[in-house]
Amino acid sequence: MTKTNLNHGIIVLLEFYPSWLALPREKRRELAGDLYSIIGKYNENVKVKFFDADAFGDGSYTDFILCETSDLKMYHFMWEEIRDTYAYSNGYFKIKKVIMGVQNAYQKFEDEVLKMDSEKNKN
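Conventions and cut-offs
- Residues numbered from 1 in each chain as written.
- Predicted model: local features only at pLDDT ≥ 70, side-chain atom pairs only at ≥ 80, totals over all residues.
- Heavy atoms only, no water.
- Helix = DSSP H or I, 4+ residues; strand = E, 2+ residues; numbered from the N terminus.
- Buried < 20%, exposed > 50% of the residue type's maximum accessible area, 1.4 Å probe, protein only.
- Contact = heavy atoms within 4.5 Å.
- Areas by Shrake-Rupley, 256 points an atom, 1.4 Å probe, with all protein chains shown as cover.
- Expected span 1.5 Å × (residues − 1).
- Arc of directions from axis to C-beta.
- Polar contact = N/O pair within 3.5 Å; in protein donor to acceptor, adjacent residues only side chain to side chain.
- Core = buried A, V, L, I, M, F, W, Y, C linked by side-chain atoms within 4.5 Å.
- Axes fitted to C-alpha atoms, helices over the stretch in contact; angles between N-to-C directions.
- Parallel < 35°, antiparallel > 145°, perpendicular 65-115°, else oblique.
- Left-handed = near helix turned anticlockwise from the far one by under 90°.

Draft legend 1. Quick peek at the overall build of the protein chain. For the protein chain, the helix and strand inventory stands at five helices and four strands. Beginning at the N terminus, the succession of helices and strands in the protein chain can be written as β-α-α-β-β-α-α-β-α. Expressed along its principal axes, the backbone C-alpha trace of the protein chain runs to roughly 55 × 30 × 20 Å. Within the protein chain, the fraction of its 123 residues that count as buried is 29%. Relative to all contacts within the protein chain whose residues are 6 or more apart in sequence, the contacts with residues 24 or more apart total 69%. Within the structure as shown, the protein chain displays about 8,400 Å² of accessible surface, and the carbon and sulfur contribution to it stands at 52%.

Draft legend 2. Representation of helix H3 (residues 72-83) in the model. For H3, with twelve residues, the first-to-last C-alpha span of 16 Å sits near the 16 Å given by 1.5 Å per residue. Considered for burial, the residues of H3 that qualify are Met74, Tyr75, Met78, Trp79 and Ile82. Seen end-on, H3 carries its buried residues on one side only, within an arc spanning 140°. Contacts from the buried residues of H3 go to strand S1 (8-16), helix H2 (25-41), strand S2 (46-52), strand S3 (63-69), helix H4 (86-89) and strand S4 (93-102). By the N-cap criterion, in which a side-chain oxygen at the helix start approaches the backbone nitrogen of a residue two or three places on, H3 is capped by Asp71, the distance to Lys73 being 3.2 Å.

Draft legend 3. Highlighting the environment of Ser37. Inspection of the secondary structure assignment puts Ser37 in helix H2. The class for Ser37 is partly exposed, based on a relative accessible area of 46%. Taking C-alpha positions, Ser37 is 9.7 Å from Ile82, a pair spaced 45 residues apart along the chain.

Draft legend 4. Local environment of the nonpolar core. One finds Cys67, Tyr75, Met78, Trp79, Ile82 and Phe93 to be the most contacted residues of the largest nonpolar core, which totals 23 residues. For this core, the elements supplying multiple residues, two or more each, are S1, H2, S3, H3 and H4. Examining the composition of this core, we find that five residues originate from one element, H3, more than from any other. Discounting residues that sit within four places of it in the chain, Tyr75 has contacts with Ile10, Val12, Val46, Cys67, Thr69 and Val98.

Draft legend 5. Just the packing of H2 against H3, in detail. Two numbers describe how H2 lies on H3: the axes approach to 10 Å, and their chain directions differ by 160°. One element, H2, and the other, H3, form an angle in the roughly antiparallel class. At the point where H2 passes H3, the crossing takes the right-handed sense. Every residue of H3 that contacts H2 at Leu35, Ile38, Ile39 and Lys41 is listed here: Met78, Glu81 and Ile82.

Draft legend 6. The arrangement of the side chain of His8 in detail. Along the polypeptide, His8 turns up in strand S1. Among the residues examined, His8 registers a relative accessible area of 11% and is labelled buried. Reaching out from His8, the side chain makes a polar contact with the backbone oxygen of Leu6 at a distance of 3.2 Å. Not counting chain neighbours up to four residues away, the residues in contact with His8 comprise Cys67, Glu68, Thr69, Ser70, Leu72, Met100, Gly101 and Val102.

Shown next, in the form of structure tokens:
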């Protein structure tokens, strides 16, 4: 986290529909490749990790993505491109919920606004 940027953690809950699972695995890989290609374009600014959750979640989502970025504009642009993909626009999956937070934001506030010493330097 730099002096001017905050690091955002974003959990995107997804639901993949039975229509996705009905596709041959080769077709799913092809469509997923489109998604990975877009994510790769933004990996300098947005770190993305995928998690399968069908067997672990509460049934309201099937998968989730963990994103980390200090550039919300690039994060937004990545999702704009994802929404234009065949897999998204043809209803194979949708975003169910987005959970967002800021890493150590209170420390940035104390440092930059209150001019307090960093907690890391205290003994």
